[in-house]
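Below, each chain spelled out in residue letters.
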Amino acid sequence: DLTEHPQRGGILTQGTFLIVSSNPTRTSPVKRGLFVLENLLGTPAPPAPGNVPPLEQAKGTTANPTMREMMEIHRVNPVCKGCHARMDPIGLGLEHFNALGQFRTTENGKPIESGGKLITGERFSDVASLKRILATNRKEDFYRCLSEKLLTFAIGRGVEYYDAPTIDFLVKRLESKQGNLRELIYGIIESAPFQKRRGAE
């Protein structure tokens, strides 16, 4: 029962995810946000341009800046702003967890502000409300991403344009069965891509 600890629970607050999506000595809102976009929502950001300066150069004249402050300075660059608008809100929503996944309330002596606004418009105040948005408003994105990844694993190849009807069917099945993973597996087993192989071009 995590009623007294709403900041815990679910994938996003597990130590394994938080450690893997951090740098060795600090958190990484970019890695954390990108992981969620790529692996949970299926909406990856485009690759970063090759001339992006390291985040540490964004410290500027501020003494002991927080991660949020450094990210705001870094985003001033128009080349960086577009992608970061998608990743940063999610990653900064997890800033209460340090590079080892330990919960904290301050960074460099300053209170951590973990609220934000997703690029799709939803606002959240903390990690609990972020998780709620991802589990409700963005549920269909998660179902689609999960369906594509599990189908890819099951058929041993990437998803192609002609698999779109199968993915749509799997998403609808998940929605009608309240996200039951067993139903997704049955749906994949019954699907044409799993049971049949396309002939040579």
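These numbers were taken from a predicted model, which means no experiment stands behind them.

A separate point is the overall build of the protein. For the protein, the helix and strand inventory stands at nine helices and four strands. Listing each helix as α and each strand as β along the protein from the N terminus yields α-α-α-α-β-β-β-β-α-α-α-α-α. Dimensions of the protein, computed from the C-alpha atoms along their principal axes, are close to 60 × 45 × 30 Å. Counting every position in the protein, which comprises 201 residues, the buried fraction comes to 38%. With an accessible surface of roughly 11800 Å², the protein has 55% of that area assigned to carbon and sulfur atoms.

It is worth spelling out the packing of aromatic side chains at this point. What the rule picks out here adds up to four aromatic pairs. With a centroid separation of 5.5 Å and an interplanar angle of 70°, the aromatic rings of Phe 97 and Phe 103 are classed as edge-to-face. Summarising the aromatic geometry, the rings of Phe 142 and Tyr 143 are spaced 6.2 Å apart at their centres and angled 50° between planes, so their arrangement reads as tilted. Judged by relative accessible area, which is 7%, Tyr 143 ranks as buried.

Attention shifts here to the pattern of salt bridges. Taken as a whole, this structure holds nine salt bridges when the rule is applied. For the salt bridge of Arg 173 with Glu 183, the shortest nitrogen-to-oxygen distance reads 3.0 Å. With Arg 173 in helix α7 (residues 164-176) and Glu 183 in helix α8 (residues 181-190), the pair connects residues that are ten residues apart, well separated along the chain. Both residues of the pair, Arg 173 and Glu 183, belong to the buried class. Glu 190 is the salt-bridge partner of Arg 173, the closest N and O atoms lying 3.0 Å from each other.

Here we come to helix α3 (residues 67-74). Working note: α-helix, 3.6 residues per turn, so residues spaced by three or four point in the same direction. Met 67, Met 70, Met 71 and His 74 are the residues of α3 that are buried. Mapping the buried residues of α3 onto a view down its axis gives an arc of 100°, with all of them on the same face. Structurally, α3 contributes buried residues whose contacts are with α2 (29-41), α4 (78-92) and β1 (106-107).

In the Ramachandran plot, Asn 108 falls in the positive-phi region, its phi being about 55° despite a non-glycine side chain. Examined against the element boundaries, Asn 108 turns out to sit in the loop between β1 and β2 (110-111). In the Ramachandran plot, Gln 178 falls in the positive-phi region, its phi being about 55° despite a non-glycine side chain. Take Gln 178: it is sitting in the loop between α7 and α8.

Basis of the calculations
The residue numbering used here restarts from 1 in each chain and proceeds along that chain's sequence as written. Since the coordinates come from a predicted model, pLDDT governs what is reported: local features require at least 70, and pairs of side-chain atoms require 80 or more to be given and counted, while whole-chain, interface and lining totals use all residues. Where side-chain values are given, they derive from all heavy atoms of the structure, hydrogens and water being excluded. Where helices and strands are cited, they refer to DSSP runs of H or I of at least four residues and of E of at least two residues respectively, numbered from the N terminus. Three labels apply to residues, based on accessible area from a 1.4 Å probe with only protein chains included: buried if under 20% of the type maximum, exposed if over 50%, partly exposed otherwise in between. Every accessible area reported is derived by Shrake-Rupley at a probe size of 1.4 Å, with residue values counting cover from the shown protein chains alone. Planes of paired rings set the category: under 30 degrees apart is stacked, over 60 is edge-to-face and the rest tilted, where pairs are Phe, Tyr or Trp rings (Trp by its six-membered ring) whose centres lie within 6.5 Å. The salt bridge criterion pairs a side-chain nitrogen of Lys or Arg with a carboxyl oxygen of Asp or Glu, the two atoms within 4 Å. What the arc measures is the spread of directions leading from the helix axis to the C-beta atoms. Two residues form a contact once any of their heavy atoms are found within 4.5 Å.

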